[in-house]
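Here's the letter readout for the chains.
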Amino acid sequence: MTTGLERFALSSVFTDDMWNLVRDSRNVDVMLDASVGQIRGEEGRVTSVDVDHRRAARFSVQASVFVLAASGFENPRLLLGANGGDGIGNRHDNVGRYHMDHLRTVGGRLTPHDPALIDGMGEFDIRADVDDPTTWRMGRLTPTPAAMARLELPHSAAQLLPKLAQPELEAVSAAKDAVRSLPRLRRPIRTAGLRDVLPGLARVATTAARMSIAQRRIPPRTDAGWSGLAGSRGPWGSFAVEHQVEQFPDPDNRLYLDDRCDEFGRRRISLDWKWSRAEMDGLQRTQQLFVDAFERSGVATYDPVPWSTPPELTTPGGSFHPSGGTRMHASPRHGVVDADCQVHDWSNLFVAGSSTFPTVGYANPTLTIIALSLRLGDEISRRLRKAAPATDR
């Protein structure tokens, strides 16, 4: 195994910086409280899009080039519902297929043999990057490329989520017993042994309070800010190991239009989505890789969660990174867009975003989407300059 480093930008990059850039652009018009309702076109060329809004009348927009950048769910929905439900780009029934997301599940528990080792594991916490205050960073455990090839593993990374040590667990349990024996329940208060666990209970309460202040939420989450709060290992004794695993592209994992309609009368999208046997087998092999690696290291024990059916997902709806649905492929028989993100056989329609991904990996796709969008913007600009009359250049 090896350690990977993930970086996260501050939300202000998207909520403030990019919004201000768009607002101040002289060649960009922004329409609020409005969304594309339907795409219209004929003979391989989009002619207009209908825009839904809360006023009584709809309006349409015409342009020489159209780019769909509406997420992994909305991009397929708009293509499926185009032209009154006849669809666009779906000649080979590929629109909506190959839906993917990152699966997250707790695969086991990691217990250091020496609790003092937890002091040095802060790199696996989510915390501000000292070299770049505009980003946050977190270390993850990942299989090496050699191990992935040898064991035929899907891409994955493991996040460490701290769990209370045994004394602290006993303290919390004793406190719960005391609460349950309050006089209002007409039972005697059980205080025997409670004084012995008060120090552990104080450590838990202090850590929870400091994490709540740092995260600005009650109760706090244990996936961020758990290291370095008390200058010692605090109340932690082990880690739940949450694996984030890629999904393999499967045409039967698909989005489709159902009979429900939104407030504007547009058909809604539904999803058929499941684990595959290959993904489950790959996760089991990843679990065994962790068992063997920590056994050889002699510093910790990894106890895998046993299962024979799909494991319980910590994010049942996915990790909020829906991908696929308008996948990229050189052939229209196997994909929706080409390498330039142009919808096959449609000269002026492009798709941007994770819906074009032919595979998904395990990591957050934001930077990949930005890079893809920048390339798409350059390609469209190049085509427009080439097509424009010399007098317009």
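Each remark here, short or long, concerns the structure printed above.
No experiment lies behind these values; they were computed from the predicted model shown.

Q: What is the right way to look at the overall build of the chain in this model?
A: The helix and strand tally for the chain stands at eight helices and 14 strands. Principal-axis analysis of the C-alpha atoms places the extent of the chain at approximately 85 × 50 × 45 Å. Long-range contacts, defined here as pairs at least 24 residues apart, represent 68% of the contacts in the chain between residues at least 6 apart. Approximately 21900 Å² of the chain is accessible, and the part contributed by carbon and sulfur atoms is 54%. In the chain, which carries 48 positive and 48 negative side-chain charges, the distance between the mean positions of the two groups comes to 4 Å.

Q: Any chance you could explain the pairing of strand E11 (residues 254–261) here in plain terms?
A: As paired elements, E11 and strand E12 (residues 267–272) share five bridges and run antiparallel to each other. Paired with Leu257 across the strands is Ile269, a residue of E12. The antiparallel hairpin formed by E11 and E12 contains five residues in its connecting segment, where Gly265 sits at a positive phi of about 85 degrees.

Q: Would you explain unusual backbone geometry in this entry?
A: For residues besides glycine, phi is generally negative; the peptide bonds are generally trans as well. Look at the link from Ile218 to Pro219: it is a cis peptide, with omega at -10 degrees. Within the secondary structure layout, Pro219 lies in the loop between helix H6 (194–215) and strand E10 (236–245). In this structure, Tyr98 takes a positive phi of about 65 degrees despite not being glycine. Relative to the helices and strands, Tyr98 is located in the loop between helix H3 (82–85) and strand E6 (103–112). With a phi angle near 55 degrees, Glu152 is a residue other than glycine that sits in the positive phi range.

Q: Where do I start with the layout of surface pockets in this structure?
A: In this approach, a probe sized like a water molecule rolls over the atoms, and the result shows the empty space that is left. As a volume, the second largest pocket reaches approximately 1500 Å³. Forming the boundary of the second largest pocket are 43 residues, of which Phe8, Ile126, Trp136, Asp223 and Asn364 lie nearest the centre. Elements that contribute at least two residues to the lining of the second largest pocket include exactly strand E1 (2–9), helix H1 (12–24), strand E8 (135–142), strand E9 (156–164), H6, E10 and helix H8 (366–387). Its residues assigned to classes, the lining of the second largest pocket shows 17 nonpolar, 15 polar and eleven charged.

The rules behind the values
- Residues numbered from 1 in each chain as written.
- Predicted model: local features only at pLDDT ≥ 70, side-chain atom pairs only at ≥ 80, totals over all residues.
- Heavy atoms only, no water.
- Helix = DSSP H or I, 4+ residues; strand = E, 2+ residues; numbered from the N terminus.
- Contact = heavy atoms within 4.5 Å.
- Areas by Shrake-Rupley, 256 points an atom, 1.4 Å probe, with all protein chains shown as cover.
- Lys, Arg positive; Asp, Glu negative; His and termini not counted.
- Charge placed at Lys NZ, Arg CZ, Asp CG, Glu CD.
- Pairing = 2+ DSSP bridges.
- 1 Å grid on protein atoms, 1.4 Å probe; cavity = no way out; pocket = protein on both sides within 12 Å on 5 of 7 lines; lining within 4 Å.
- Points joined across faces, edges and corners; volume = space filled by probe spheres on them.
- Nonpolar A, V, L, I, M, F, W, Y, C, P; charged D, E, K, R; others polar.

Don't take any of this as a statement about function, it's just geometry.
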